[in-house]
Amino acid sequence: MLFTETVLRDAHQSLMATRLKTEEMLPIMSKLDTAGYYALECWGGATFDAAIRFLDEDPWDRLRAFKESVQHTKLQMLLRGQNLLGYRHYADDIVDKFIEKAISNGIDVLRVFDALNDPRNMEACMKAIKKYGGHAQLTICYTISPVHTYEYYKTLTKELNDMGADSICIKDMAGILTPKVIRELMPELKKVTDLPIEVHTHATSGTSEMTYLTAVQAGVDRIDTAISPFSGGTSQPSTETMSIVLKELGYETNLDETILEEIADYFKPLKEKYIQEDVLDPKMMSVDPKALIYQVPGGMLSNLYSQLKQAKAESRYEEVLREVPRVREDLGYPPLVTPLSQMVGTQAVFNVLSGERYKMVPNEIKQYVRGSYGKSPAPIKDDIKHKIIGDEEIFTGRPADLLKPEFEKLKQEVSDIAKSDEDVLICAMFPQLGTEFLNKKYDSAAASESEEPIRISARM
């Protein structure tokens, strides 16, 4: 039984909005490298955004520093399919360049998902990963609805298998995958693929350890866990706990418990520091069984509450939570994962606060209904379509086919501040934020280089 450690990415992303700094992670990398993990999930997801937005760090520098510190363990990232690490679809040439640079700078395993489980939105990533020699782990975003049946997941798994995936991940972003479901689902998936299957869940609802144990017994090949100080709540189950339990049951985990204890001891004071600084809210460490009812990921819960707080409408939180499943049904049951989780949540807030459903509609929801994000899992009802976009035509092709090549054009546009292709990709992901970040980075570097060095007289 193989383990992927999430403390360097999803654990602190889920618990405290991705605020761990590179300098806080580097000292423990050698221990993480020798603990016996299959992979260290350390990049992608929100790490790229948070690094430049909040930490004043270059995410590419972080990746290179990780690679220098690791000799034995694969480095893994999370990639949002055609969205890469931004919040829109990018042209195929940007996808190709980004994956080329991710692999050349140190990533071994790329976990690729699409918010709609639309395989067409993973095609360009898949081609590029194969082209540059990476491991393509294609992903099923797990959700519950009348259309998300075992047969649906079985068909999707076969599609991903036939696309050339190296492994498959069942990504349960809301912590709603139960032991019963995984026990029944795994044999069905194994009928259509011989690829390794990895399960990723969150401890939000309180079912995660039971789900993992059942998954292992049902034949799953890998699980995602977090070292204990950053486990539980909206994060993953504890690495040490799952390793001890599975070893006791006769499974070989490859993990060294002594080294795991040292890793945990390293992260304990970091956790306490962030609790004291109010960056890590202890509420994020608690169990919320309502996740099983509303199917809302932990990060989405906090985002909804934040939106209501800004509108001075915290008292309507439960009302918004009840509206989320209704909006999701209206829109064809999209899985609640970035960027659809934010979009559905915002629409639910608008519906409740405006007093009339779909009176206010964000542009992103309009684009989704037009087909610009891909195919919805279930058809969107005609009356909802009409309410949102009137009689506009729906696009049914691969969304990226509408996009012209953009990398070389962007490279010319930012040539005055971008000193590498990696810099250009920062600007591609976050145009305004990336430009501001690079200006600051290189202005600081130029200033430090121009400072006159202190000269010491030989007579002193």
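Residues numbered from 1 in each chain as written. Predicted model: local features only at pLDDT ≥ 70, side-chain atom pairs only at ≥ 80, totals over all residues. Heavy atoms only, no water.

Asks: What exactly am I supposed to notice about the sheet that holds strand 2 (residues 39-44) here?
Replies: For sheets, the rule is that strands pair by backbone hydrogen bonds, running either parallel or antiparallel. Overall, parallel pairing links the 8 strands, which are arranged 1-2-3-4-5-6-7-8 in a closed barrel. With direction set aside, neighbouring strand axes in the sheet form an average angle of 30°. Pairing analysis gives 4 bridges linking strand 6 (residues 167-171) to strand 7 (residues 197-200), with the strands arranged parallel. Residue pairing across strands places Ile168 opposite Ile197, the latter belonging to strand 7. Relative to strand 7, helix 9 (residues 179-190) is tilted by about 150°, and along the sheet it contacts strand 6 and strand 7. In this fold helix 11 (residues 239-248) packs onto strand 1 (2-5) and strand 8 (222-225), with an angle of close to 175° to the strand it touches most, strand 1. (Pairing = 2+ DSSP bridges. Helix = DSSP H or I, 4+ residues; strand = E, 2+ residues; numbered from the N terminus. Axes fitted to C-alpha atoms, helices over the stretch in contact; angles between N-to-C directions. Contact = heavy atoms within 4.5 Å.)

Asks: What exactly am I supposed to notice about the pairing of strand 2 here?
Replies: The two faces of a sheet get side chains in turn, since along a regular strand they alternate between them. Among the 6 residues that make up strand 2, 6 are buried, leaving the element largely enclosed by the rest of the structure. In this sheet, strand 2 lies alongside strand 1 in parallel orientation, the contact comprising 2 bridges. Looking at strand 2, one finds that Thr4 is bridged to Ala39. Relative to strand 3 (residues 74-79), strand 2 runs parallel, the two sharing 5 bridges. Along strand 3, the bridge assignment pairs Gly44 with Leu78. (Buried < 20%, exposed > 50% of the residue type's maximum accessible area, 1.4 Å probe, protein only.)

Asks: Teacher, can you tell me more about the pattern of salt bridges here?
Replies: Two side chains of opposite charge can pair, provided their charged atoms sit close to one another. Under the defined criterion, the tally for this structure stands at 37 salt bridges. The partner of Asp92 in a salt bridge is Arg398, with the nearest N and O atoms 2.6 Å apart. A residue pair is termed long-range when its members are at least 10 positions apart, and Asp92 in helix 6 (residues 92-104) and Arg398 in the loop between helix 18 (382-389) and helix 19 (407-413) qualify at 306 residues. As a salt-bridge pair, Arg357 and Asp330 come within 2.8 Å of each other at their nearest N and O atoms. Note that Arg357 is positioned in the loop between helix 16 (340-354) and helix 17 (363-370) and Asp330 in helix 15 (residues 317-330), a separation of 27 residues in sequence. We classify Arg357 as partly exposed; its relative accessible area is 31%. Judged by its relative accessible area of 7%, Asp330 is buried. By sharing partners, the salt bridges in this structure join Asp58, Asp61, Arg64 and Lys441 into a single network. (Salt bridge = Lys/Arg side-chain N within 4 Å of Asp/Glu carboxyl O.)

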